[in-house]
Amino acid sequence: MKNSKKLIFASLVLSLMTFTSVKAQENETKFGVKGGVNFSNFYIDDVDDNNVLTGFNFGFFAKLPISNNIFLQPEISYTGKGSELVYNNPLVSGTAQFKLNYIEVPLLLVVNVTKNFNIHAGPYAAYMISGKTTNKSNNGSYNFEDKIDVDDFNRFDAGLAGGVGLDLESVSFGVRYNYGLTKIGKDNSDFASSDAKNSVLSVYAAFGF
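Each chain has its residues counted from 1, running along the sequence as written. Given that this is a predicted model, residues contribute local features only at a pLDDT of at least 70 and side-chain atom pairs are listed and counted only at 80 or more, while totals for whole chains, interfaces and linings are drawn from all residues. Derived side-chain values reflect all non-hydrogen atoms in the structure, with water molecules and hydrogen atoms excluded from consideration.

1. Observations concerning the overall build of the chain
For step 1, the next point in the chain: Broken down by element type, the chain carries one helix and nine strands.
For step 2, the next point in the chain: Along its sequence from the N terminus, the chain presents helices and strands in the succession α-β-β-β-β-β-β-β-β-β.
For step 3, the next point in the chain: Classification of residues uses two cut-offs on accessible area relative to the type maximum, computed with a 1.4 Å probe and protein chains only: under 20% is buried, over 50% is exposed, and between them is partly exposed. In the chain, which comprises 209 residues, the share counted as buried stands at 36%.
For step 4, the next point in the chain: For this analysis, residues touch if any pair of their heavy atoms sits within 4.5 Å. Intrachain contacts of the chain at a sequence separation of at least 6 include 62% that bridge at least 24 residues. The numbering of helices and of strands both runs from the N terminus, where a helix is a DSSP run of H or I of at least 4 residues and a strand a run of E of at least 2.

Structure, rendered in structure tokens:
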């Protein structure tokens, strides 16, 4: 009887060790690169789809398992934000762009709803590293490109991020929205929309290894 109990106990321990080992192999920490296209604009009170500027993002991520279906995903990326204005008046027409470049660090909680589909959300923080304004008129009489003085702006940006992803083996695709909570311009700056905040919709592809 004692031998039987020992055998059963040993079998349970062995089964538990095997189960834990398999789960650990299934949920190993993953690293990867990701990049995609940004569609950004500024907002003050309500976000709209006007004045959208097209940019890009590129960076790195780690996917750290918490449980079978839940992961913590820190990232670091170079990302472009800003706004675009298309104008047309009796004197001249053209396109003006306001471009801001950031190093951004999101910290996301990723939940696998199914094996291949996930939802993710969390805070992000970003630091402005450069920016410029450009203007292109239809007749070329008012074309220019000027760098901005980043010290005239709030260089730190922070907000909330959320999105969905599709995982296919080592390749993933996703859509994410970043909602900025901090003002872009300083109160005493010449930036016309000092109360404006960042709004960015991103479409990306990621490669894990």
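2. As for the nonpolar core
For step 1, the next point in the chain: Phe42, Leu100, Tyr102, Met128, Ile148, Phe153 and Ile184 are the most contacted members of the largest nonpolar core, which has 14 residues in total.
For step 2, the next point in the chain: Per-element accounting of this core gives the leading share, four residues, to strand β4 (residues 93-112).
For step 3, the next point in the chain: In this structure isoleucine 148 touches Leu100, Met128, Gly131, Lys132, Thr133 and Phe153, once residues within four positions along its chain are discounted. The definition of a nonpolar core used throughout is a set of buried Ala, Val, Leu, Ile, Met, Phe, Trp, Tyr and Cys residues joined through side-chain atoms within 4.5 Å.

3. Observations concerning the confidence of the model for the chain
For step 1, the next point in the chain: Taken as a whole, the chain shows an average pLDDT of 86; of its residues, 84% reach a score of 70 or greater.
For step 2, the next point in the chain: pLDDT expresses, on a scale from 0 to 100, how confident the predictor is about each individual residue. Note on residues 4-25: pLDDT under 50 across the span, and one contact to partners over four residues away in sequence or across chains.

4. Quick look at the packing of aromatic side chains
For step 1, the next point in the chain: Pairing of aromatic rings covers Phe, Tyr and Trp, the last through its six-membered ring, and needs centres within 6.5 Å; plane angles under 30 degrees mean stacked, over 60 mean edge-to-face, and all others mean tilted. Under the criterion given, the structure shown has seven aromatic pairs.
For step 2, the next point in the chain: With a centroid separation of 5.1 Å and an interplanar angle of 25°, the aromatic rings of tyrosine 43 and tyrosine 179 are classed as stacked. Taken together, the residues span a long stretch of sequence, with tyrosine 43 in strand β1 (residues 30-43) and tyrosine 179 in strand β8 (residues 171-180) at a distance of 136 residues.
For step 3, the next point in the chain: Classification of tyrosine 43 as buried rests on a relative accessible area of 4%.

5. Observations regarding the pattern of salt bridges
For step 1, the next point in the chain: The term salt bridge refers to a side-chain nitrogen of Lys or Arg lying within 4 Å of a carboxyl oxygen of Asp or Glu. Across all of its chains, the model carries eight salt bridges by this definition.
For step 2, the next point in the chain: Here lysine 132 makes a salt bridge to glutamate 145, at a shortest N to O gap of 3.4 Å. On the criterion of sequence distance, the pair formed by lysine 132 in strand β5 (residues 117-137) and glutamate 145 in strand β6 (residues 144-147) is long-range, its members being 13 residues apart.
For step 3, the next point in the chain: Across the salt bridge formed by aspartate 195 and lysine 183, the nearest N and O atoms sit 3.2 Å from each other. Of this pair, aspartate 195 sits in the loop between β8 and β9 (197-208) while lysine 183 sits in the loop between β8 and β9, and the two are twelve residues apart along the sequence.
For step 4, the next point in the chain: On the basis of relative accessibility, which here comes to 36%, the residue aspartate 195 falls in the partly exposed class.
For step 5, the next point in the chain: Each member of the salt-bridge network shares a partner with another, and the members are Lys34, Glu75 and Arg176.

6. A look at the pairing of strand β2 (residues 53-65)
For step 1, the next point in the chain: When DSSP locates at least two bridges between a pair of strands, those strands are taken to pair. Of the strand pairs in this sheet, β1 and β2 are connected by eleven bridges, and their pairing is antiparallel. What sits directly across from glycine 36, in β2, is asparagine 57.
For step 2, the next point in the chain: Pairing between β2 and strand β3 (residues 70-88): seven bridges, direction antiparallel. Directly across from glycine 59, in β3, lies its bridge partner serine 77.
For step 3, the next point in the chain: Count of turn residues in the β2/β3 antiparallel hairpin: four residues.

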